[in-house]
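# Chain and residue survey
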Amino acid sequence: MIRGVGVPNVEATKKKVEEAIATHMLPVPKGWKVLIAMPVFEEKASASGIILPSQTKNAEEVAANIGLVVAMGGEAYMDASKFPNGPWCKIGDFVMMRSYSGTRFSIGGHEFRMINDDTVEGVVEDPSGFTRA
C-alpha cells in the first residue's frame, strides 16, 4: 500500500454530505458525540497525474485523519472543566483526528464516523493540502 498519497476533495465531500442529509439517513449524534463525514479522495495521487488503484484509494479513505463536522450531540463541548475555552470545533469545520478513530459506518457508499468531542485534535482550514504521513 502506498501511504500518504490521497488528496481530499473538499467539494465532493460536501456533496456527499448533502446527499446523505437529503435522504434523512444520517444518525443524530447523542451526548458528547460528533458526526464526521470522511473525505472523498481524488483519483489522482499528485499533480503528475498518477492514478490511484481503487484499492489504494479505498485504503486512504478508511485511514483518513481529516473529516468534516456534520453534527454534534447536545452535550458535546458542554463540560466546562474539560473545555474551559469552549468548543474545539463547529459544524462545517474540517477537523484532524486519529486515523481509524470512532465508530465507522457507511451511507450510500460514503464513510462517516461518530467520534467523541475530545477526539478532535485540530481544525484544518483547507484539507486539500493534507495527506497522511
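These lines cover the structure that appears in this document, whether it is placed above or below. (Residues numbered from 1 in each chain as written. Predicted model: local features only at pLDDT ≥ 70, side-chain atom pairs only at ≥ 80, totals over all residues. Heavy atoms only, no water.)

### A word on the pairing of strand 7 (residues 110-116)
Burial analysis of strand 7 places six of its seven residues in the buried class, the great majority of the element. Pairing analysis gives five bridges linking strand 2 (residues 33-37) to strand 7, with the strands arranged antiparallel. When the bridges of strand 7 are listed, Leu 35 appears paired with Met 114. Alignment of strand 6 (residues 103-107) against strand 7, held across five bridges, turns out to be antiparallel. Its bridge partner lying in strand 7, Thr 103 is registered against Met 114. From the end of strand 6 to the start of strand 7, which pair antiparallel, there are two residues, and Gly 108 there has a positive phi angle of about 60°. (Buried < 20%, exposed > 50% of the residue type's maximum accessible area, 1.4 Å probe, protein only. Helix = DSSP H or I, 4+ residues; strand = E, 2+ residues; numbered from the N terminus. Pairing = 2+ DSSP bridges.)

### Let's talk about the nonpolar core
One finds Val 17, Leu 26, Leu 35, Ala 37, Val 70, Phe 94 and Phe 112 to be the most contacted residues of the largest nonpolar core, which totals 15 residues. Secondary-structure elements contributing two or more residues to this core are helix 1 (10-22), strand 2, strand 4 (66-72) and strand 7. At four residues, the largest contribution of residues to this core is made by strand 4. Discounting residues that sit within four places of it in the chain, Ala 37 has contacts with Thr 13, Val 17, Gly 67, Leu 68, Val 70, His 110, Glu 111 and Phe 112. (Core = buried A, V, L, I, M, F, W, Y, C linked by side-chain atoms within 4.5 Å. Contact = heavy atoms within 4.5 Å.)

### A word on the environment of Ala 37
Positionally, Ala 37 belongs in strand 2. Owing to a relative accessible area of 0%, Ala 37 belongs among the buried residues under this scheme.

### A word on the pairing of strand 2
Within a regular strand, the side chains alternate between the two sheet faces. Counting buried residues along strand 2, four of its five residues qualify, which places the element largely inside the surrounding structure. Alignment of strand 2 against strand 4, held across four bridges, turns out to be antiparallel. Counted as the bridge partner of Ala 37 is Leu 68 from strand 4.

### A closer look at the sheet that holds strand 8 (residues 122-124)
Reading across from one edge, 6-7-2-4-5-8 is the order of the six strands in this open sheet, with antiparallel pairing throughout. The strands lining the two open edges of the sheet, one partner per strand, are strand 6 and strand 8. Averaged over all adjacent pairs, the angle separating strand axes in this sheet is 40°, with direction ignored. In terms of strand pairing, strand 5 (residues 94-96) meets strand 8 through three bridges, oriented antiparallel. Paired with Phe 94 across the strands is Val 124, a residue of strand 8. Contacting strand 2, strand 4, strand 5, strand 6 and strand 7, helix 1 runs over the sheet at an angle of about 30° to strand 4. (Axes fitted to C-alpha atoms, helices over the stretch in contact; angles between N-to-C directions.)

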